[in-house]
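An overview of the molecular structure
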Amino acid sequence: MPDFPAATPRSRVRVPLRFHDGYSVDAELVTFHGLADAQEHVAVVLGTPTADASTTGAASTPLVRLHSECLTGDVFGSARCDCGPQLREAVERIADRGGVLLYLRQEGRGIGLYNKLDAYALQDQGLDTYAANTALGLPEDARDYTAAAQMLQALGISSLDLLSNNPDKAGQLRDLGIHVRDRVPTGVFQTAHNVRYLRAKVLQTQHTLPLAELTGRHAG
């Protein structure tokens, strides 16, 4: 088992969530003491895992998403990424099955909001999302999921199904001692403005998205 300090729950509060399309659900938001990166990450606990006949009556494995904060997509509805639609989809899917969404303060794959917007400017000049980060002297993906593993352990979750297209998230969690039973793909949320971004995720970091469907006809 990897050696990292344990985190503990700090507070729990019930919050009714309401989305722009009318979907609503009640959630429990959990904050933590002792997270490795000292960031204010939040666990959003949704639904209750139910009995699953495929596991001979045992409680079903919780569905978990590690969602990196995206101000532009989650709050302002930017069409340059798929973060907002992924967040909306994840909340409903997790609530239906039971599990947790970890909302992680990792804007721009960990490089921060201002750097992300600088990278956007370079993308407008033709670089893809990863090359733009590199051109700024930054990592293609600076995210570390030690705090996520701490949060899961503090919530008593040691085995999960991961709602993600990103193999690195599953790999890091496994390296941190979390049993990822299965990686469940999200939907494909393509717009006229994010097709190059989605294709780059497939080609550069092996995200499980249907590359053949991410065609140039939508590029803009």
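Let me begin by describing the structure that accompanies this report. Computed from a prediction, not measured in an experiment: that's the story for all the values here.

Side note on the environment of Ala38
Along the chain, the position of Ala38 falls in the loop between β2 (24-33) and β3 (42-46). Sequence-wise, Ala38 and Ala147 are 109 residues apart; in three dimensions their C-alpha atoms are separated by 8.6 Å.

As for the pairing of strand β1 (residues 8-18)
Two elements, β1 and β2, share 10 bridges in a ladder whose sense is antiparallel. Across the sheet, Pro16 pairs through a bridge with Asp26, a residue of β2.

A few points about the pattern of salt bridges
Taken as a whole and judged by the stated rule, the model has 10 salt bridges. Residue Arg143 pairs with Asp141 through a salt bridge whose shortest N-O separation is 2.8 Å. The partly exposed category is assigned to Asp141, whose relative accessible area is 28%. Linked through salt bridges whose partners overlap, the residues forming this network are Asp21, Arg88 and Glu92.

Thoughts on the nonpolar core
Ranked by internal contacts, the top residues of the largest apolar core, which has 26 residues, are Ala43, Leu66, Leu102, Leu152 and Leu160. Elements with a minimum of two residues in this core: β2, β4 (63-68), β5 (99-104), α6 (146-154), β6 (159-163) and α7 (167-175). Residue contributions to this core peak at 5 residues, all from α6. Apart from the residues lying within four places of it in its own chain, the contact partners of Leu102 are Val42, Ala43, Arg65, Leu66, His67, Ala148, Met151 and Leu152. If you look at the next biggest cluster of nonpolar residues, it comprises 16 residues, including Val25, Leu63, Val91 and Ala95.

The rules behind these values
- Every chain is numbered on its own, with residues counted from 1 as its sequence reads.
- Note on the predicted model: pLDDT of at least 70 is required for a residue's local features to be given, and 80 or more for side-chain atom pairs to be given and counted; whole-chain, interface and lining totals, by contrast, use all residues.
- Remark: hydrogens and water are excluded; side-chain values derive from all non-hydrogen atoms of the structure.
- Going along the chain from the N terminus, every DSSP run of H or I of four or more residues is numbered as a helix, and every run of E of two or more is numbered as a strand.
- Here, any two strands with at least 2 DSSP bridges between them count as paired.
- Salt bridges, as used here, are contacts in which a Lys or Arg side-chain nitrogen is within 4 Å of a carboxyl oxygen on Asp or Glu.
- For each residue, the accessible area found with a 1.4 Å probe, counting protein chains only, is set against the maximum for its type, and the residue is called buried under 20%, exposed over 50%, and partly exposed in between.
- For this analysis, a nonpolar core means a set of buried residues of the types Ala, Val, Leu, Ile, Met, Phe, Trp, Tyr and Cys, connected via side-chain atoms within 4.5 Å.
- The contact rule is simple, with two residues in contact once any of their heavy atoms fall within 4.5 Å.

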